[in-house]
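# Descriptive structure summary
This is what each chain is made of:
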Amino acid sequence: MLEGRIYNFSAGPSILPEPVLLKAQAELLNCEGSGMSVLEMSHRSKVFDAIIKAAEANLRKVMNIPDNYKVLFLQGGASGVFASLPMNLGTKNGKADYIVSGNFSGQALKEAKKYINAREAGSSKADDFNHIPTQAELDLDPEADYVHVCWNNTIFGTKWNYIPDTGNVPLVADMSSSILSEEIDVAKFGMIYAGVQKNLAPAGLALVIVREDLIGNAMPITPKIWDYAIQAEKESMLNTPPCFPIYFVKLVTDYILEQGGVAEMHRRDVEKAAILYDYLDSQDFYKNTVNPADRSIMNVTFRTGNDELDAAFVKGQAAAGFSNLKGHRLVGGMRASIYNAMPKEGVEALVEYMKKFAAEH
Ligand SMILES: *Cc1c(COP(=O)(O)O)cnc(C)c1O
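Residues numbered from 1 in each chain as written. Predicted model: local features only at pLDDT ≥ 70, side-chain atom pairs only at ≥ 80, totals over all residues. Heavy atoms only, no water.

## What to know about the overall build of the protein
When its secondary structure is counted, the protein shows 10 helices and 13 strands. Relative to its length of 361 residues, the protein is compact, with a C-alpha radius of gyration of 21 Å against a globular reference of 21 Å. Along the first, second and third principal axes, the C-alpha set of the protein runs to 60 × 55 × 30 Å. Evaluated residue by residue, the protein yields a buried proportion of 56% over its 361 residues. Across the protein, the fraction of contacts at a sequence separation of at least 24, relative to all contacts at a separation of at least 6, is 67%. (Helix = DSSP H or I, 4+ residues; strand = E, 2+ residues; numbered from the N terminus. Rg over C-alpha atoms; globule rule 2.2 N^0.38 Å. Buried < 20%, exposed > 50% of the residue type's maximum accessible area, 1.4 Å probe, protein only. Contact = heavy atoms within 4.5 Å.)

Structure follows, in structure tokens:
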């Protein structure tokens, strides 16, 4: 870490790679010889056109996105996408299945119910979302227009470890908090989307990767800016796009390509998560209550079982050189978000702090 910076375990917006921040800093006053910053530049300029094209080309390369998928850069975050999803993809039979494995999948279902016949087709709510529903626990409708899942549950610290079999029904996944942390066979999904502020860029942008044949039948009430086919045709430039986060998508994917791609990110992420989980499994002061097979490698949740001790743990973080270790208000306890940009040293330092805190209490 550079002088003055701390290990930021925020769930989002979250830590970005330092070389990327330095590059953005170096280009801030004069981007690509334009004499201006990307913050000040017309989205129709040649320089920005090259940036958005490079961002898309990089994403296609790092994620191995097939040619029959569109890549869209939209505003409104992940919430904007799950709100617009039923208007775009739910128009054939007007129904969709939602697997509820945490907070955001539940929110997505609620939003979809406003527009279509959206149904809960599996849930781990009765077990406090401590696992991902198994294939046997899913009750899927073959007539549904799509099945929606949240791939990594940011708040509860779980992740799908299998791709559910949905037959011929397209699978739609919210990958906001796990995008680029593992290799994904995009062709197994009808659509993948993500708010970029967890693992890719600063907030203000959502990424949509959607199979071409699934778009073009949006409901007539769909606002133009939320019509995926119109946005695809306009190359995400129907109106002013969020230029700065798009620029960061380019820089971050440049960095990932340089570092060895998503496979290398995954190797590092697995290694970092293992440092935390191995420690958690080796003692009984802290508890992680997630089904081990479904553990997230991005968001690691733990608690002491005593609210006062949890509060003391969180209070001590600043002095230890950390921030944002407090668990989400829905679950309490602690959460360490260890996205791609979190160095291994940060996770090792956290485990040292955990050991010291446990010994003292
Ligand atoms: C953060 C998050 C969201 C919400 O993202 P916004 O961009 O704030 O709408 C949705 N889904 C998941 C999995 C998230 O982690």
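## Quick word on the nonpolar core
Within the largest apolar cluster, 55 residues are counted, with the highest numbers of intra-cluster contacts made by Phe48, Met63, Phe73, Ile179, Leu200, Leu207 and Val249. No other element matches helix H6 (residues 243-259), which puts nine residues into this core. Both of domain 1 (12-20 + 261-360) and domain 2 (41-259) provide at least three residues apiece to this core. (Core = buried A, V, L, I, M, F, W, Y, C linked by side-chain atoms within 4.5 Å. Domains from an automatic or database assignment.)

## What about the pattern of salt bridges?
One pass over the structure, following the stated rule, counts 21 salt bridges. A salt bridge links Glu18 to Arg5; the shortest N-O distance between them is 2.6 Å. Here Arg5 lies in the segment before strand S1 (7-8) and Glu18 lies in helix H1 (residues 18-26), a separation of 13 residues in the sequence. When the shortest N-O distance is used, the salt bridge between Lys188 and Asp185 registers 3.3 Å. Residue classification places Asp185 among the partly exposed residues on the basis of a relative accessible area of 40%. One connected set of salt bridges, linked through shared partners, spans Glu264, Arg267, Arg268, Glu271 and Lys344. (Salt bridge = Lys/Arg side-chain N within 4 Å of Asp/Glu carboxyl O.)

## Regarding the side chain of Glu18
Judged by its relative accessible area of 16%, Glu18 is buried. Once residues within four sequence positions are removed from consideration, Glu18 is found in contact with Met1, Leu2 and Arg5.

## Notes on the state of the cysteines
Taken as a whole, this structure holds zero disulfides when the rule is applied. Cysteine Cys243 remains unbridged, with the sulfur of Cys31 as its closest cysteine sulfur at 11 Å. (Disulfide = S-S within 2.5 Å.)

## Points about the sheet that holds strand S8 (residues 171-174)
In space, the seven strands of this open sheet follow the order S2-S10-S9-S8-S5-S3-S4, with mixed pairing throughout. Pairing within the sheet leaves two strands with one partner each, and these edge strands are strand S2 (69-74) and strand S4 (117-123). Strand-to-strand twist in this sheet, taken as the mean axis angle between neighbours without regard to direction, amounts to 20°. Taken together, the two bridges between strand S3 (residues 95-100) and strand S5 (residues 147-150) define a ladder with parallel strand orientation. Residue pairing in the sheet places Asp97 in a bridge with Val147 of S5. Seen against the sheet, helix H4 (residues 103-112) touches S3, S4, S5 and S8 and runs at an angle of roughly 160° to S3. (Pairing = 2+ DSSP bridges. Axes fitted to C-alpha atoms, helices over the stretch in contact; angles between N-to-C directions.)

## So, the site of the ligand
By nearness alone, every residue bordering the ligand is listed as Gly77, Ala78, Ser79, Phe104, Cys150, Asn152, Thr154, Asp174, Ser176, Ser177, Gln197 and Lys198. One nitrogen or oxygen atom from the side chain of Thr154 is found 2.5 Å from an oxygen atom belonging to the ligand. One of the side-chain N or O atoms of Asp174 is found 2.6 Å from a nitrogen atom in the ligand. Here the ligand loses 86% of its free accessible area of 390 Å² to cover by the protein chains. Element by element, the count of residues in the shell around the ligand is highest for helix H3 (residues 77-89), at three residues. A class-by-class count of the residues in the shell around the ligand yields three nonpolar, seven polar and two charged. (Near = heavy atom within 4 Å. Polar contact = N/O pair within 3.5 Å; in protein donor to acceptor, adjacent residues only side chain to side chain. Areas by Shrake-Rupley, 256 points an atom, 1.4 Å probe, with all protein chains shown as cover. Nonpolar A, V, L, I, M, F, W, Y, C, P; charged D, E, K, R; others polar.)

## Concerning the domain arrangement of the protein
Taken domain by domain, the protein comprises domain 1 (12-20 + 261-360) and domain 2 (41-259). A separation of 26 Å is found between the C-alpha centroids of domain 1 and domain 2. On the side of domain 2, 33 residues touch domain 1, which itself brings 33 residues to the contact. Together, the buried faces of domain 1 and domain 2 total about 2700 Å²; carbon and sulfur atoms form 60% of this surface. The largest per-residue losses of area from domain 1 upon contact with domain 2 belong to Val20, Val262 and Asp294, which jointly make up 22% of the total buried on that side. Counting across the domain 1 and domain 2 interface gives zero salt bridges. Viewed at the interface, domain 2 and domain 1 are joined by 17 residue pairs in polar contact (both at pLDDT 80 or more). Elements supplying a minimum of two residues to the side of domain 1 that touches domain 2: H1, helix H7 (261-281) and strand S11 (299-302). In terms of residue class, the side of domain 1 that touches domain 2 is built from 16 nonpolar, 11 polar and six charged. (Buried area = accessible area lost by both parts, 1.4 Å probe.)

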